[in-house]
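# Geometric and topological summary
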Amino acid sequence: MTDDALHPEPTEAALEATAPSAPAPAGTAPDAAPDAAPGTAPDNAPGTAPEASRTSPRRLPVTDVSLVVLIGASGAGKSSFARRHFLPTQVVSSDFCRGLVADDENDQSASAEAFDVLHYIVGKRLAAGRLTVVDATNVQPEARRQLVRIARDHDVLPIAIVLDVPPGVCAERNRTRPDRRLPAHVVPRQHRELRRSLRGLEREGFRKVHVLRGEAEVEAAEVVPEKRFNDLRHLTGPFDVIGDIHGCRSELETLLTRLGWTLVRDDAGRPVDAVHPAGRTAVLVGDLVDRGPDTPGVLRLVMGMVAAGHAVCVPGNHENKLGRAMDGRKVTVSHGLRESLDQLAGESEEFRAEVRAFIRGLVSHYLLDGGALVVSHAGLPEKYHGRASGRVRSHALYGDTTGETDEYGLPVRYPWAEEYRGRALVVYGHTPVPTASFLNNTICLDTGCVFGGSLTALRYPERELVSVEAEREWYEPVRPMNSDAPGAREGRPLDLADVAGRRVVETSLHGRVAVREENAAAALEVMSRFAIDPRLLTYLPPTMAPSATSSRPGYLEHPDEAFAAYRADGVERVICEEKHMGSRAVVLVARDGAALDRRFGVAGPGAIWTRTGRAFLGDDGLTAAVLDRLRAAAERSGVFEELRTDWLLLDAELMPWSLKAADLLRRQYAAVGAAAGAALPAVLAALERAGERGLDVLALTERQRRRAVDARAFTEAYRRYCWPTEGLAGIRLAPFQVLAAEGANLAVRPHDEHLALVDRLVAADEEAEPGAAVLHRTGRLVVDTADGASVAAGAAWWEELTAAGGEGMVVKPLASLVRGRTGEGRPGGLVQPGVKVRGREYLRIVYGPDYTQHLDQLRQRFLGHKRSLALREYALGLEALDRLAAGEPLWRVHEPVFAVLALESEPVDPRL
């Protein structure tokens, strides 16, 4: 792509890439110097003498992310120098690479292949942002050109360290090495090539050139690491990031005041600084100047804040152009530049000199808060974060374009933010948007103040937006405010590359969770064809393992095993929750459609979905009715207010089972019951007649009678889960956990707190609709696993529930998130978040009508895979809720959600 395609004013943008830079102005941070194109470093401009002639040879500044090229004849001591000053992993040696490909470091016939390997390793290290040192002679220009090209490809600074050691010394060192036999002419030739190269190294593109002459200087040298100019990761905030100002000083003052800043004024009453009582730092995204009524006033205030250490500022394209104009460079006076020049003409020469120095000292972008926040004027893809080159500066100032122009003659911006998948929040401006909104962990703060819009700030890390309206339209926009900048809430929120193939998801609780490619493909099929709107699908519940198999006669599962397992894991208190006769449902409910739209970008009352992400109810009206009852209960009970949220995400069961599984009941369960009801009476009648005739069919008859009893029990068991519904009548929603609210992952709270909140919802619904409540209470009992009487009471409660036809119960650690104990008493891995203990009769539905006749075989079931699956899905679910609470982009929230669905494709006994 040409420069013409990159910038609206290509000739001036091209000048930017080659403009020499002046030192940073007084009062700015010591590392606040510009990052220009390769070959234009402010301390080493092209055509000047090598650095060693100007600075002490003992101190060699080396940027922390750069490519260091050692240059010297064979025997100059490059390898010893590298070992003394750099980590072994940072050094890539041509000899070592020659040994890799030829098993002989001195096999010169393998040099071409060896340097292919060397260049590949160097590229990989630079791509990862690692300081890399090349240990080779590098005395030939072509060898250096390839290395400089690799550095430029990865937008890092190439630095040359020349070891100019006399050829006689080099030759003597080579003679003392038994593995090195060089012809006599080699070292003198290399030394001549080195000397011819010295004055041209900077023209080749090296940003720093350190020349060490003689053995003494080499021995005395000290490599001094230095940070990149754009590295302010040590500043952790909090920050107030302010969008494009464009000379609107009055609005800037109003915004700062609203943010809690106190303005400092000079004797003439002009604001020259601002201080925040809480120690916040202002960050300006550039375009302070042009178009507006008071460019000097804005500059005076911002420069004062930067000089006092109360603010940092990155340049915009308008500062870049203004600076060149003030330096007497040839520029096109347009887009508000005339207004700035006229306004500055009324200021003193001293002030104008300060402005020129300030603009020259601006760095293209900054990494802040440990790299979690990146600020640049036009935005910046992740591959450019922390990098330094003309290409990076160009993107930071001007952005990228598609090469097209719109109907107003302006360039069409490339929507880089729609494809952004970085972990850092990128805050930028440049192209006005009507409203600031987050897009894939990026946000544009240029809300067109100078065009009559507003001036917007982002409070970080709070992620709160604060705006003030423009006092008037100061400059008529060429294009209406509904610009082509990526301002939609999520744009293209998800991409096939986010989920396709084998994936590894990092979780904070369970480490790395792998998803197989074939499982991802199966999940993609379900997600793309059947799931609800992905913007709402922020959580999928984990599978649940059953308790260990019981050895009690007549039982496959019993609570005693669940209590014993948690006691062994060091969990003293567990809560037993009644299992309802329904299906698992996740419910997202909002106070109103606007609240849902603000947070998720989808207007409406909310959604109800299944464990596989499908809409639970096929009827939108019925879904809305259920959600309305839940919303009204949350409003009446004060839960919305208490949790300071406009939406809630809940884990629940929706009853009856037949509401979702009517087809399954007809095809599978009812068919089995009907077949047994039709066949077994006739079989028994025939056997009775045979017995009356004296045939020995007593054992067979008894077996068939047991089958008939089991079949009736099977039919009674599944029928308990079926009852008629009409509209809301007959529907029961039993929430048992409040998963999340605005800015909070609530799933890690103790379960009794969740159930107390749910009880308030149920009570509010019953009070509003006596006798016709939709919300249903979940029975519960707390058990002390170390107390025999408490354990017995828990088992008796389960027996009472199941004897009455209940499904059983789920046993969970009361504290919710719990880690087990290691042999040394230290916290271990996650314990099961819950185990289900299903009733004897309910298990007929799962294992078949006559399963009790085969308990010996069924007790051989293997639970290890199911338990592993439950833990992985549990960790993924909490990871999704953590990312949702942190306001991370949808693709990041969706990553663990999708992984849960993919893991459901793993082969495991579906009856467990």
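Residues numbered from 1 in each chain as written. Predicted model: local features only at pLDDT ≥ 70, side-chain atom pairs only at ≥ 80, totals over all residues. Heavy atoms only, no water.

## Description of the overall build of the protein
- Per the secondary structure count, the protein includes 28 helices and 36 strands.
- Dimensions of the protein along its principal axes, counting C-alpha atoms only, are 120 × 80 × 55 Å.
- The proportion of buried residues among the 912 residues of the protein is 54%.
- Looking at the protein alone, contacts between residues at least 24 apart form 73% of all its contacts between residues at least 6 apart.
- Of the accessible surface of the protein, which amounts to about 37,900 Å², a share of 51% is contributed by carbon and sulfur atoms. (Helix = DSSP H or I, 4+ residues; strand = E, 2+ residues; numbered from the N terminus. Buried < 20%, exposed > 50% of the residue type's maximum accessible area, 1.4 Å probe, protein only. Contact = heavy atoms within 4.5 Å. Areas by Shrake-Rupley, 256 points an atom, 1.4 Å probe, with all protein chains shown as cover.)

## Focus: the confidence of the model for the protein
- In this model, the protein carries a mean pLDDT of 87, and residues with pLDDT of at least 70 account for 90%.
- Confidence drops under a pLDDT of 50 for residues 483-491, and excluding neighbours within four residues, the segment shows 34 contacts in the predicted structure. (pLDDT = per-residue confidence, 0-100.)

## Things to note about the pairing of strand S4 (residues 132-135)
- Residues Thr132 and Val134 line one face of S4 and the alternating positions Val133 and Asp135 line the opposite face, and both faces are buried.
- Bridge analysis of strand S2 (residues 66-71) against S4 gives four bridges, and the strand direction is parallel. What sits directly across from valine 69, in S4, is valine 134.
- Here strand S3 (residues 91-93) runs beside S4; their pairing, made up of three bridges, is parallel. By the bridge assignment for S4, valine 92 is matched with valine 134. (Pairing = 2+ DSSP bridges.)

## Observations concerning the environment of arginine 720
- By secondary structure assignment, the location of arginine 720 is in the loop between helix H22 (698-719) and strand S30 (732-741).
- Ignoring sequence-local partners within four residues, the contact set of arginine 720 consists of Met581 and Gly805.

## Brief notes about unusual backbone geometry
- Residue proline 238 is bonded to the preceding glycine 237 through a cis peptide linkage, with omega at 5°.
- Relative to the elements of secondary structure, proline 238 occurs in the loop between strand S8 (231-232) and strand S9 (239-242).
- Cis geometry marks the peptide bond from methionine 655 to proline 656; its omega dihedral reads 0°.
- Considering the arrangement of structural elements, one finds proline 656 in the loop between strand S29 (647-655) and helix H21 (658-692).
- Of note, aspartate 287 is a non-glycine position whose phi angle comes to about 55°, a positive value.
- Checked against the element boundaries, aspartate 287 lands in the loop between strand S12 (281-284) and helix H11 (295-307).
- You will see that histidine 335, though not glycine, has its phi angle at about 55°, which is positive.
- As for its position among the elements, histidine 335 is in the loop between helix H12 (317-326) and helix H13 (337-345).
- Take histidine 335: its relative accessible area is 31%, and that puts it in the partly exposed class.

## Regarding the packing of aromatic side chains
- Taken as a whole and assessed by the stated rule, the structure comprises seven aromatic pairs.
- An angle of 75° between the planes, with centres 5.1 Å apart, marks the rings of phenylalanine 600 and tryptophan 647 as edge-to-face. One end of the pair, phenylalanine 600, is in helix H18 (residues 593-600); the other, tryptophan 647, is in strand S29, and 47 residues separate them in sequence. The two residues phenylalanine 600 and tryptophan 647 agree in class, both being buried.
- Grouped by ring-pair contacts, the aromatic residues Trp416, Tyr420 and Tyr428 constitute a single cluster.
- Sitting over the ring of phenylalanine 530, arginine 614 keeps its end group 4.3 Å from the ring centre. (Phe/Tyr/Trp six-rings, centres within 6.5 Å; stacked < 30°, edge-to-face > 60°. Lys NZ or Arg CZ within 6 Å of the ring centre and 35° of its normal.)

## Side note on the sheet that holds strand S27 (residues 583-590)
- Read from one edge of the open sheet, five strands run S28-S27-S29-S30-S31, paired in antiparallel fashion. The sheet is open, and its two borders are formed by strand S28 (606-609) and strand S31 (744-745), each paired with just one other strand.
- With eight bridges joining them, S27 and S29 adopt antiparallel strand pairing. Its bridge partner lying in S29, arginine 584 is registered against glutamate 653.
- Together, S27, S28 and S29 form the strand contacts of H18, whose direction differs from that of S27 by roughly 100°.
- Packing of helix H23 (residues 751-768) onto the sheet brings it into contact with S29 and S30, and relative to S30 it is tilted by some 125°. (Axes fitted to C-alpha atoms, helices over the stretch in contact; angles between N-to-C directions.)

## Some points on the state of the cysteines
- Counted according to the given criterion, the structure contains zero disulfides.
- Summary of cysteine pairing: cysteine 449 is not part of a disulfide, and the nearest cysteine sulfur, belonging to cysteine 248, is at 3.8 Å. (Disulfide = S-S within 2.5 Å.)

## Here we look at the side chain of serine 364
- Position of serine 364 among the secondary structure elements: in the loop between helix H14 (349-360) and strand S14 (365-368).
- You can call serine 364 buried: its relative accessible area is 0%.
- Within the local environment of serine 364, its side chain forms a polar contact with the side chain of histidine 365, the two groups lying 3.0 Å apart. (Polar contact = N/O pair within 3.5 Å; in protein donor to acceptor, adjacent residues only side chain to side chain.)

## A short note on the sheet that holds strand S21 (residues 454-460)
- Read from one edge of the open sheet, five strands run S13-S12-S9-S21-S22, paired in mixed fashion. The sheet is open, and its two borders are formed by strand S13 (311-313) and strand S22 (464-469), each paired with just one other strand. Put simply, the sheet's adjacent strands are angled 20° from each other on average, direction ignored.
- The sheet contact formed by S9 and S21 spans four bridges and is antiparallel.

## Quick word on the packing of H11 against H13
- Packing of H11 against H13 leaves a shortest axis separation of 8 Å and a crossing angle of 75°. Judged by the inter-axis angle, H11 sits roughly perpendicular to H13. Taken together, the residues of H13 that come into contact with H11 (itself represented by Thr295, Pro296 and Leu299) are Ser340, Gln343 and Leu344.
- A class-by-class count of the residues in the contact of H11 with H13 yields three nonpolar, three polar and no charged. (Parallel < 35°, antiparallel > 145°, perpendicular 65-115°, else oblique. Nonpolar A, V, L, I, M, F, W, Y, C, P; charged D, E, K, R; others polar.)

## Here's the deal with the pattern of salt bridges
- Summed over all chains, the structure comprises 60 salt bridges.
- For the salt bridge of glutamate 222 with arginine 59, the shortest nitrogen-to-oxygen distance reads 3.8 Å. Here glutamate 222 is found in strand S7 (residues 222-226), whereas its partner arginine 59 is found in strand S1 (residues 59-63), with 163 residues between them in sequence.
- On the basis of relative accessible area, glutamate 222 is assigned to the partly exposed category, the value being 38%.
- The salt bridge involving arginine 280 is made with aspartate 240; its shortest N-O contact spans 2.9 Å. Taken as a pair, arginine 280 in the loop between strand S11 (271-275) and S12 and aspartate 240 in strand S9 lie far apart in primary sequence, 40 residues in all. One exposure class covers both arginine 280 and aspartate 240, and it is buried. (Salt bridge = Lys/Arg side-chain N within 4 Å of Asp/Glu carboxyl O.)

## Quick notes on the nonpolar core
- Counting residues in each nonpolar core, the largest one holds 47 residues, and the members touching the most others are Trp609 and Leu649.
- At nine residues, helix H27 (residues 864-885) tops the list of elements feeding residues into this core.
- Membership of the second largest hydrophobic core comes to 41 residues, among which are Leu252, Trp261, Cys313 and Leu362. (Core = buried A, V, L, I, M, F, W, Y, C linked by side-chain atoms within 4.5 Å.)

## Re the environment of arginine 479
- Positionally, arginine 479 belongs in the loop between S22 and strand S23 (503-507).
- For arginine 479, a relative accessible area of 16% translates into the label buried.

## A word on helix H19 (residues 620-637)
- In this model, H19 (18 residues) spans 26 Å end to end at C-alpha, consistent with the 26 Å of a helix rising 1.5 Å per residue.
- Of the residues making up H19, those classed as buried are Leu622, Thr623, Val626, Leu627, Arg629, Leu630, Ala632, Ala633, Ala634 and Ser637.
- The elements touched by buried residues of H19 are S27, S28, helix H20 (639-643), S29, S30 and H23.
- Capping of H19 at its N-terminal end is provided by aspartate 619; its side-chain oxygen lies 2.8 Å from the backbone amide nitrogen of glycine 621.
- In the segment just after H19, glycine 638 is the residue with positive phi, at about 80°. (Expected span 1.5 Å × (residues − 1).)

## Some points on H12
- The buried fraction of H12 is high, at ten of ten residues.
- Listed in full, the buried residues belonging to H12 are Asn317, His318, Glu319, Asn320, Lys321, Leu322, Gly323, Arg324, Ala325 and Met326.

## Quick word on the packing of H27 against helix H28 (residues 890-903)
- Running from N to C, H27 and H28 cross one another at 160°; their axes reach a closest spacing of 8 Å. One way to sum up the angle between H27 and H28 is to call them roughly antiparallel. In terms of crossing hand, the pair formed by H27 and H28 is left-handed. Taking contact as the criterion, the partners of Leu869, Arg872, Glu873, Leu876, Gly877, Glu879, Ala880, Arg883 and Leu884 in H27 are, on H28, Arg892, Val893, Glu895, Pro896, Val897, Ala899, Val900 and Leu903.
- Class assignment for the residues of the contact of H27 with H28 results in ten nonpolar, one polar and six charged. (Left-handed = near helix turned anticlockwise from the far one by under 90°.)

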